[in-house]
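Spelled out, the chains give:
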Amino acid sequence: MLSLANSSQYLKDMDVIETFERSLQHIGLDSFINLAVESSLYPGTNLKQDFLKASYREYQRDCLALAEIVTRLGADVEFDVSAAQTACMLCRIGELSLLRLMQLWLDQGQDLDEATAETILDTYSARAGNRIKSQRNIPNVIRGRIGAVYLLPPGTVRKDPVVMRIAGLLHTQDRDQELPRLLARVGLTGSKAESYLQS
């Protein structure tokens, strides 16, 4: 949806569309349905292997938990919450694409055990995610938000990537010196951190 909404076919001005909601409004319901049907026809879309389905659920929970932290941060810090939530839902795009490929591999009668699948995910998910974002022409501002969850580039001054990195650190419960420093940059204290993790 984001790729289509930001394509030359639909994007008439220079404003990048950064959320799923705006993408749907921009491309229209008919185009969205066509896109959904086309995607569902890809081989491997339907995960059948139990360990692949379990991984899918885990990655989905990760994305939702990250989006929830971002939502809570939005109550105390001014930033584009909707755009941040969209980036959260795309954070595991590499892993999810590999799960589809592994199911396709199994559908062709090949062997794949859980340990090998985990090694593939650990080794290749970042590369797969970057390739998909590039192939699908995901706007750089969205890619920057996604990347900031894992690593904040040196010299970053914009607030949105800083908030995304804070969310990533909170989600992984990383309490090193980076978190208090980043919280202070957006006007928050370390004592606020726990409130963003409440279930």
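Refer to the preceding data block for the structure.
Rules behind the numbers
- Residue numbers restart at each chain and count upward from 1, following the sequence in its written direction.
- A pLDDT threshold of at least 70 governs which residues receive local features in this predicted model, and a stricter bar of 80 or more applies before side-chain atom pairs are shown or counted, although totals over entire chains, interfaces and linings include all residues.
- Values shown for side chains rest on all heavy atoms present in the structure; no hydrogens or waters enter the calculation.
- Salt-bridge detection follows one rule: a side-chain nitrogen of Lys or Arg within 4 Å of a carboxyl oxygen of Asp or Glu.
- Numbered from the N terminus, helices here are DSSP runs of H or I no shorter than four residues, and strands are runs of E no shorter than two.
- Exposed residues in this analysis have more than 50% of their type's maximum accessible area, buried residues have under 20%, and partly exposed residues fall in between, with area computed by a 1.4 Å probe over protein chains only.
- Multiplying 1.5 Å by the helix residue count minus one yields the expected span of that helix.
- Think of each axis as a best-fit line through the C-alpha atoms, taken over the contacting stretch in the case of a helix, with angles from 0 to 180 degrees between the N-to-C directions.
- Here the angle decides the label: under 35 degrees means roughly parallel, over 145 means roughly antiparallel, 65 to 115 means roughly perpendicular, and every other value means oblique.
- Note on convention: near helix rotated counterclockwise from far helix by under a right angle means a left-handed crossing. Clockwise means right-handed.
- The contact criterion used is simple: two residues touch if any of their non-hydrogen atoms lie within 4.5 Å.
- Each residue gets one of three labels, nonpolar for Ala, Val, Leu, Ile, Met, Phe, Trp, Tyr, Cys and Pro, charged for Asp, Glu, Lys and Arg, and polar for the others, Gly among them.
- Cysteine sulfur pairs qualify as disulfides if the two atoms are within 2.5 Å.
- Any residue with relative accessible area above 30% and no salt bridge may belong to a patch, with like charges joined within 9 Å and the nonpolar Val, Leu, Ile, Met, Phe, Trp and Tyr side chains within 5 Å.
- All accessible-area figures derive from a Shrake-Rupley calculation using a 1.4 Å probe, and residue coverage is judged against the displayed protein chains alone.
- In this tally Asp and Glu are treated as negative and Lys and Arg as positive; neither His nor the chain ends contributes.
- Think of each charge as sitting on NZ of Lys, CZ of Arg, CG of Asp or CD of Glu.
- Note on terminology: a nonpolar core comprises buried Ala, Val, Leu, Ile, Met, Phe, Trp, Tyr and Cys residues joined through side-chain atoms within 4.5 Å.

Peer 1: Hey, could you run me through the pattern of salt bridges in this one?
Peer 2: Pairing is possible between side chains that carry opposite charge, provided their charged atoms lie close to one another. The tally for this structure, following the rule as stated, stands at eight salt bridges. Close ionic contact of Glu18 with Arg145 constitutes a salt bridge, the shortest N to O distance being 2.3 Å. One end of the pair, Glu18, is in the loop between α1 (2-5) and α2 (20-27); the other, Arg145, is in helix α8 (residues 140-150), and 127 residues separate them in sequence. In terms of burial, Glu18 and Arg145 fall into one category: buried.

Peer 1: What's the story with helix α9 (residues 159-171) in this structure? I'm lost.
Peer 2: Given 3.6 residues per turn, any residue in an α-helix points the same way as the ones three and four places further on. For α9, built from 13 residues, the straight-helix expectation of 18 Å at 1.5 Å per residue is met to within 8% by its first-to-last C-alpha distance of 18 Å. A large share of α9 lies buried, amounting to eleven of its 13 residues. Where α9 ends, the next residue or the one after it, Gln173, has phi of about 55 degrees, a positive value.

Peer 1: Please clarify how the packing of helix α4 (residues 50-73) against helix α5 (residues 81-89) should be interpreted in this entry.
Peer 2: Relative orientation and spacing of two packed helices are given, respectively, by the angle between their axes and the distance between those axes. Direction vectors running N to C along α4 and α5 enclose 165 degrees, while the axes themselves pass 8 Å from each other. Between α4 and α5, the angle is such that the two are roughly antiparallel. Handedness of the crossing formed by α4 with α5: right-handed. Residues Cys63, Leu64, Leu66, Ala67, Val70 and Thr71 of α4 form the contact with α5, whose participating residues are Val81, Ala84, Gln85, Cys88 and Met89. For the contact of α4 with α5, a count of residues per class yields nine nonpolar, two polar and no charged.

Peer 1: For this particular structure, what's the right way to read the state of the cysteines?
Peer 2: Scanning the model with the defined rule gives zero disulfides in all. Lacking any disulfide linkage, Cys63 is separated from the closest cysteine sulfur, that of Cys91, by 6.1 Å. For Cys63, a relative accessible area of 3% puts it in the buried group. The thiol of Cys88 is not disulfide-bonded; the next cysteine sulfur, from Cys91, is found 5.4 Å away.

Peer 1: Can you help me understand a negative patch on the surface in this one?
Peer 2: Judged by side-chain charge, Glu58, Asp111, Asp113, Glu114, Glu118 and Asp122 come together as a negatively charged surface patch. The biggest single contributor to the negative patch is helix α7 (residues 114-135), with three residues.

Peer 1: Looking at this model, I keep getting lost on the nonpolar core. Mind explaining?
Peer 2: Across soluble globular proteins, you tend to see nonpolar side chains buried next to one another. In terms of nonpolar packing, the biggest core is built from 33 residues, with Leu73, Met164 and Ile166 touching the most fellow members. When residues of this core are assigned to their parent elements, the largest contribution, seven residues, is made by α9. In this view, Ile166 contacts Leu73, Leu179, Leu182, Leu183 and Val186; residues no more than four positions away in its chain are not counted. In terms of nonpolar packing, the next biggest core, distinct from the first, is built from twelve residues, Phe51, Leu99, Leu106 and Leu112 among them.

Keep in mind these values describe shape, not function.
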